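# Commentary on secondary and tertiary structure
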Amino acid sequence: KEHGSNTNWQKFFYDNAAPMYNTDFSIRGGSGNTTYYVSASYMKQNSLTKISHFDRYTVRTNLESKPKSWLTFGIKQNIAYTDRLSDGYTNSDRKNSLYNSTIAAQSYSPCWDPYDESSLTGNHEIWGSPGLMNTMWLSGLQPVKINDVAYTGVAYMTITPVKGLTIKSQLGLDASDTRSSSAVSMEFPDVNSRGNASERHSRDAMWTSTNTIEYKFDVAKNHHVTLLAGHEGIKYNGKGFGASGKGAVDDRLLTLGNVTEGNIPTYSSAAYQYLSFFGRADYNYHDKYFVNFTVRNDQSSRFGKDNRGANFYSGGAMWRVSAEDFMAPTRGWLTDLQLKVSVGSTGNSAIGNYGSLGLIGQVQYGLSLINI
């Protein structure tokens, strides 16, 4: 086509026919008092931006057994592996760049041509806007590859020693491991023919332990009472590490092992814990009138040692109006009508992990490291 024609930039940047493939299978069964379920799936999705892609592999297993009438235990777990490819303009610190394909598709003039045949830079400049490089070409010179492994699992046991009494213990784990590799080709403008490479790794795990004891009983047939007491503990730990360098002189060797100048590595870590105790009492009369009261004590490592915890209270009431005799004429068209009221107190621990501590660290000032 001739220069200056009506360029559809959204069509140029986006692939509206990007395919997605999804395959899965599952097996379930059991014998006696034991049941199981196993499933696996694979998904492949090409990006609408023609550069990135997303692949995911997932395996899920559930197992539950009831060897005694009063004992049940089981485990549920899910593991997923993902493989992602993107470009440098999708990173958080460069997402507002004019070369981000999402922004370019909306802001580029239709009078511009994606290719300037007279360009001295190998047909990589956009005709009609001197100095503006072809976004698709730039994005392909800085691939970002990310691999994730995520695990979610919970093991539980339930004991019912007597009628109405249920004791339950549960242990859960939510963990992930992420590795990313990024590179910038020697052809990329402003790198002086010296390729860049970087590696990032992060790993985190959160353990959750929950134990409850619940007792349900009736008084004089129409009075229903439920009492519950419990404990919950949360422990989180996460670490991350990154390194980068420049000076690679061959695009086939864009790895950290082939750079000639490295930057100061980055390191991060975080940890916190929660400890909670709680209780709840529920009462209802004739399945029409309901009241409940809850009390809990939450403690967090994010607060100072002299003020780690606080008590919180809540209460509520409900009237099931539709169960009253005077509502009988409406039962042909009204399924349920309830009136509820509740009040309570709550807290907020989203203050950062070490805000209560006086910390020391180092920053680079010129060519020296100083304490802060």
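Each value, and the rule that gives it
Residues numbered from 1 in each chain as written. Predicted model: local features only at pLDDT ≥ 70, side-chain atom pairs only at ≥ 80, totals over all residues. Heavy atoms only, no water. 1 Å grid on protein atoms, 1.4 Å probe; cavity = no way out; pocket = protein on both sides within 12 Å on 5 of 7 lines; lining within 4 Å. Points joined across faces, edges and corners; volume = space filled by probe spheres on them. Helix = DSSP H or I, 4+ residues; strand = E, 2+ residues; numbered from the N terminus. Nonpolar A, V, L, I, M, F, W, Y, C, P; charged D, E, K, R; others polar. Salt bridge = Lys/Arg side-chain N within 4 Å of Asp/Glu carboxyl O. Buried < 20%, exposed > 50% of the residue type's maximum accessible area, 1.4 Å probe, protein only. Phe/Tyr/Trp six-rings, centres within 6.5 Å; stacked < 30°, edge-to-face > 60°. Pairing = 2+ DSSP bridges. Core = buried A, V, L, I, M, F, W, Y, C linked by side-chain atoms within 4.5 Å. pLDDT = per-residue confidence, 0-100.

Each pocket or cavity is described by its volume, and for the second largest pocket that value is around 270 Å³. Lining of the second largest pocket is provided by 15 residues; of these, Asp298, Phe312, Gly347, Asn348 and Ser349 occupy positions nearest its centre. Listing elements by their share of the lining of the second largest pocket, those giving two or more residues are β11 (289-300) and β12 (309-320). The dominant element in the lining of the second largest pocket, judged by the number of residues it contributes, is β11, at four residues. Among the residues making up the lining of the second largest pocket, the classes are represented as four nonpolar, eight polar and three charged.

If you walk through the whole model with that rule in mind, you get eleven salt bridges. For Asp148, the salt bridge is made with Arg84, and the minimal N-O distance between the two is 2.5 Å. On the criterion of sequence distance, the pair formed by Asp148 in strand β5 (residues 143-159) and Arg84 in strand β4 (residues 71-87) is long-range, its members being 64 residues apart. Residue classification places Arg84 among the partly exposed residues on the basis of a relative accessible area of 30%.

For Ala220, which is not glycine, the phi torsion reads 55 degrees and is therefore positive. In this structure, Ala220 sits in the loop between β7 (195-219) and β8 (223-248). Here Ala220 falls in the exposed class, since its relative accessible area comes to 63%. Phi angles above zero are rare outside glycine, and His286 is one such case at about 60 degrees. Inspection of the secondary structure puts His286 in the loop between β10 (266-285) and β11. Judged by its relative accessible area of 38%, His286 is partly exposed.

The final tally for this structure, using the stated rule, is 13 aromatic pairs. Ring centres of Trp9 and Phe12 lie 5.6 Å apart, and the angle between their planes is 85 degrees; this geometry places the pair in the edge-to-face category. In this pair, Trp9 and Phe12 are both assigned in helix α1 (residues 9-13), three residues apart and thus about one turn of the helix distant. The two residues Trp9 and Phe12 agree in class, both being buried. Judged by centre distance (6.1 Å) and plane angle (65 degrees), the rings of Phe13 and Tyr108 are edge-to-face. Of this pair, Phe13 sits in helix α1 while Tyr108 is found in the loop between α2 (101-107) and α3 (135-140), placing the two residues 95 residues apart along the sequence.

As defined by bridge partners, strand β1 (residues 20-31) adjoins strand β2 (residues 34-46) across twelve bridges and the pair is classed as antiparallel. Within β2, the residue paired with Phe25 across the bridge is Ala40. The turn joining β1 and β2, which pair antiparallel and follow one another in sequence, is formed by two residues; a positive phi near 65 degrees is taken by Gly32. The pairing of β2 with strand β3 (residues 53-68) spans 13 bridges and is antiparallel. Looking at the pairing, Tyr42 lines up with Tyr57 of β3. Linking β2 to β3, which pair antiparallel, is a turn of six residues; within it Lys50 sits at a positive phi near 70 degrees.

What follows covers the environment of Asp190. By secondary structure assignment, the location of Asp190 is in the loop between β6 (165-184) and β7. Residues Asp190 and Tyr215, 25 residues apart in the sequence, show an inter-C-alpha distance of 70 Å.

Next up on the list: the nonpolar core. In this structure, Trp9, Phe13, Tyr99, Tyr108, Leu138 and Phe188 are the most contacted members of the largest nonpolar core, which totals 19 residues. Counting residues per element, this core draws most heavily on α1, which supplies three residues.

The next subject is the confidence of the model for the protein chain. Averaged over the protein chain, the pLDDT score is 88; the fraction of residues at 70 or greater is 92%. β11 holds the highest mean pLDDT among the elements of the protein chain, 97, whereas strand β15 (residues 368-371) holds the lowest, 55.

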